[in-house]
Amino acid sequence: MQADALSLLELNTRIKDAIKAGTEKTCWVIGEISEIKVNYSGHCYLELVQKDQESDQIIARNRATIWAATFRLVKPYFETTTGQSLVNGLGILVKVSVEFHEVYGLSLNILDIEPTYTVGELAVRKQKIIDRLTQEGVIEMNRELELPFLCRKIAVISSETAAGYGDFIHQLQHNVAGYKFYCMLFSAVMQGDETEKSIIKALDRIYDYEKFFDAVVIIRGGGSQADLSCFNSYWLAYHITQFPLPVLTGIGHEQDDSVVDIVAHTRLKTPTAVAEFLINNLNRVEELLDEVANRIAVEAGLFLESRNDELILTIKNIQLSLKDNLNTIQSELVHCNNNLINRTRKIVHSKRLDLHRREVIVGMMAHKQIADRIMVIESYAHLIHRELTYCFNKTKHELISVVGRIRLLNPQHVLKRGYSITFSNNKSLKDVDSLIEGDTIETLLYKGKIRSTIKKLTS
Amino acid sequence: MTSKKLSYGEAFSELQSILTKLENQELDVDQLSAHVKKASELIKFCKSKLHGTEEEIEKILKEMDNES
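In this report, we go over the structure that sits alongside the text.

Each value, and the rule that gives it
Residues numbered from 1 in each chain as written. Chains lettered and ligands numbered in written order. Predicted model: local features only at pLDDT ≥ 70, side-chain atom pairs only at ≥ 80, totals over all residues. Heavy atoms only, no water. Helix = DSSP H or I, 4+ residues; strand = E, 2+ residues; numbered from the N terminus. Buried < 20%, exposed > 50% of the residue type's maximum accessible area, 1.4 Å probe, protein only. Contact = heavy atoms within 4.5 Å. Areas by Shrake-Rupley, 256 points an atom, 1.4 Å probe, with all protein chains shown as cover. Pairing = 2+ DSSP bridges. Buried area = accessible area lost by both parts, 1.4 Å probe. Salt bridge = Lys/Arg side-chain N within 4 Å of Asp/Glu carboxyl O. Polar contact = N/O pair within 3.5 Å; in protein donor to acceptor, adjacent residues only side chain to side chain. Axes fitted to C-alpha atoms, helices over the stretch in contact; angles between N-to-C directions. Right-handed = clockwise from strand over helix to strand, strands pointing away.

Here the focus is the overall build of chain B. Assigned secondary structure in chain B consists of 3 helices and 0 strands. Along its sequence from the N terminus, chain B presents helices and strands in the succession α-α-α. Considering chain B as a whole, with its 68 residues, one finds that 32% of them fall into the buried category. Here the contacts in chain B between residues at least 6 apart in sequence split such that 78% fall between residues at least 24 apart. Entry remark: accessible area of chain B is about 4,400 Å², with carbon and sulfur atoms responsible for 47%.

Take a look at the structure:
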């Protein structure tokens, strides 16, 4: 028995020969990457598995290698075609040769990769996630959130060192309009296996400040074209749909939208595009504000203008009606004036007629009266004349008789008859009582005077 | 001026309502100046929200930074 025993090398050699004989030189194999690493010399070492579709249990497993020379060629081709780097969980179609090395054992030497398979496989997987989210009725939930009017308090999920993050912050802080944004970084791993968990953790931290932030931004530096699969994660997408704040993405890939992009409120290509979107959003808000402000100014102006017009119109109306009134009053005045003149004329005329009539009557009456008076006066005059004549004659007769008698009484007549009158001091003397002897006396005679001195008195 | 709690949205909708009143000519001359004054305050408030730095927010952010 012992003589039959093979050395390990003999056995491995037999296995190697058997494998060589029993397998195609090369063949196409479908598998899923469960492990992948690239060493310093550029060789890529993978582990490929096949899982049971129902149970997800691994039902086959193999090591595989892509030698550096091949890897340098297939890697960029794969990545540009799929938009995806070679990562865990990725299904791939590879051309392999089965190698068995006596020391290192079984390994698949990958000679080529068919990226279109992965594209299809990814698409199917993505579609499954989308279908599931749709069935659960959550796919639209974040999109249905309303972006706050003033979206400027931003929770940023990114890797702190990513160039995209720096660009994003720079763009926001240096916006031309000078809007103020408040950003808080919740750093997370943005590629590889940890991405899903890391972003969900960041979302959970942001959830504590839900009331404070206006929106969440998930950004990843540009350039890293590949590795989309971590954003086609059901759980991450589900978290975003359930998140109370709008989520904006700028994950930095040009081709397909990831599931995260699909469920996000707003999907943008790059971090700077997200920054631009936020700035434009405030631009719009400010434009609206300016428009309302302008319209208020215009409306207020129009309002004042129309009030002013009303005032002017009212003043005009008042002026017109005043003018009307004045005109009416004036014409009334003219009318009154004319009336007055006419009436006055009439009155004056009738009064004049009346006066004339009266004048005539008065004239006639005066004439008659004067005539009457004249007649009376004349009759009186006649009477007076007769009376006067009678009186005159009578008085003349009486005078003649008196003159006769007076002539008889004249002293001359007495003196003629021999009587004389004696005067003392021009007084006629009737006795001697006032005389003394020696007085001078005058004696008037009919013809001439005697001046004598008294020698003796006898009574 | 306006109360501290006033949000941008509230201020903006108040502005819109002033505009509506103006457009519908619901105001008389005496109300006009009060409303225009209010509008200019609201515009100033909105502008400051857009461009100004709010220390209160900065403070919260700083606290947040210290916690994490």
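Through backbone hydrogen bonds, the strands of a sheet pair up, either in parallel or in antiparallel fashion. All names here are of chain A. Judged by pairing direction, the sheet is antiparallel, and its 4 strands sit side by side in the order β12-β11-β13-β14 without closing on themselves. Each having just a single partner strand, β12 (427-428) and β14 (449-453) make up the two edges of the open sheet. In this structure, strand β11 (residues 421-424) lies alongside strand β13 (residues 440-444), joined through 3 bridges in antiparallel fashion. Each bridged residue has a counterpart across the sheet, and for T422 the counterpart in β13 is T443.

Another aspect to go through is the side chain of T195 of chain A. Residues and elements named next belong to chain A. Of note, T195 is situated in helix α5 (residues 195-207). A residue is classified by how much of its surface remains accessible, and T195, at 0% relative accessible area, is buried. Not counting chain neighbours up to four residues away, the residues in contact with T195 comprise V189, M190, C230 and F231.

For the rest of this paragraph, the subject is the interface of chain A and chain B. Each partner contributes to the interface: chain A provides 31 residues, whereas chain B provides 32 residues. Taking both partners together, chain A and chain B bury about 2,900 Å²; carbon and sulfur atoms supply 74% of that area. Looking only at chain A, the three residues that lose the most surface to chain B are L289, I296 and F303 of chain A, adding up to 22% of its buried area. Residue E23 of chain B pairs with R295 of chain A through a salt bridge whose shortest N-O separation is 2.6 Å. Breaking the side of chain A that touches chain B down by element, the ones donating at least two residues are β7 (182-187) and α8 (271-409) of chain A. Considering each element in turn, the side of chain A that touches chain B owes the most residues, 15 residues, to α8 of chain A.

This paragraph deals with the environment of K269 of chain A. Residue and element names in this part refer to chain A. Turning to its location among the elements, K269 is positioned in the loop between β10 (266-268) and α8. The partly exposed category is assigned to K269, whose relative accessible area is 35%. Taking the C-alpha atoms as reference points, K269 and G250, separated by 19 residues in sequence, lie 5.0 Å from one another.

Before going further, it helps to spend a moment on the environment of S379 of chain A. Along the chain, S379 of chain A turns up in helix α8. A polar contact of 2.6 Å, which involves the side chain of S379 of chain A, links it to the backbone oxygen of V376 of chain A.

All names here are of chain A. As summarised here, the arrangement of the 5 strands in space is β1-β2-β3-β5-β4, forming a closed barrel in which the pairing is mixed. Adjacent strand axes in the sheet meet at a mean angle of 55° when their direction is disregarded. Two elements, strand β3 (residues 58-66) and strand β5 (residues 105-114), share 2 bridges in a ladder whose sense is parallel. Each bridged residue has a counterpart across the sheet, and for T65 the counterpart in β5 is N109. Packed onto the sheet, helix α1 (residues 8-22) meets β4 (91-101) and β5 and runs at close to 135° relative to β4. Its contacts with the sheet place helix α3 (residues 115-135) against β1 (27-38), β4 and β5, and it is angled at close to 130° to β4.

Residues and elements named next belong to chain A. Across the 6 residues of strand β6 (residues 153-158), 6 count as buried, placing the element largely inside the fold. Taking every second residue as pointing to the same face, both faces of β6 are buried, with K153, A155 and I157 on one and I154, V156 and S158 on the other. The pairing of β6 with β7 spans 6 bridges and is classified as parallel. Note on β7: the bridge partner recorded for A155 is M184. Following the chain from β6 across helix α4 (residues 163-173) to the adjacent parallel β7, one finds a crossover that is right-handed. Pairing between β6 and strand β8 (residues 215-219): 4 bridges, direction parallel. Across the sheet, the residue bridging to I154 is A215, located in β8.

If the charged atoms of two oppositely charged side chains come close together, the side chains can form a pair. Counted according to the given criterion, the structure contains 21 salt bridges over all chains. The salt bridge partner of R307 of chain A is E310 of chain A, with a shortest N-O separation of 3.5 Å. Of this pair, R307 of chain A and E310 of chain A both sit in helix α8, separated by 3 residues, roughly a single helical turn. R307 of chain A gets classed as partly exposed once you look at its relative accessible area, which sits at 22%. Here the salt bridges do not stand alone but share partners, grouping R152 of chain A together with K49 and E54 of chain B into one network.

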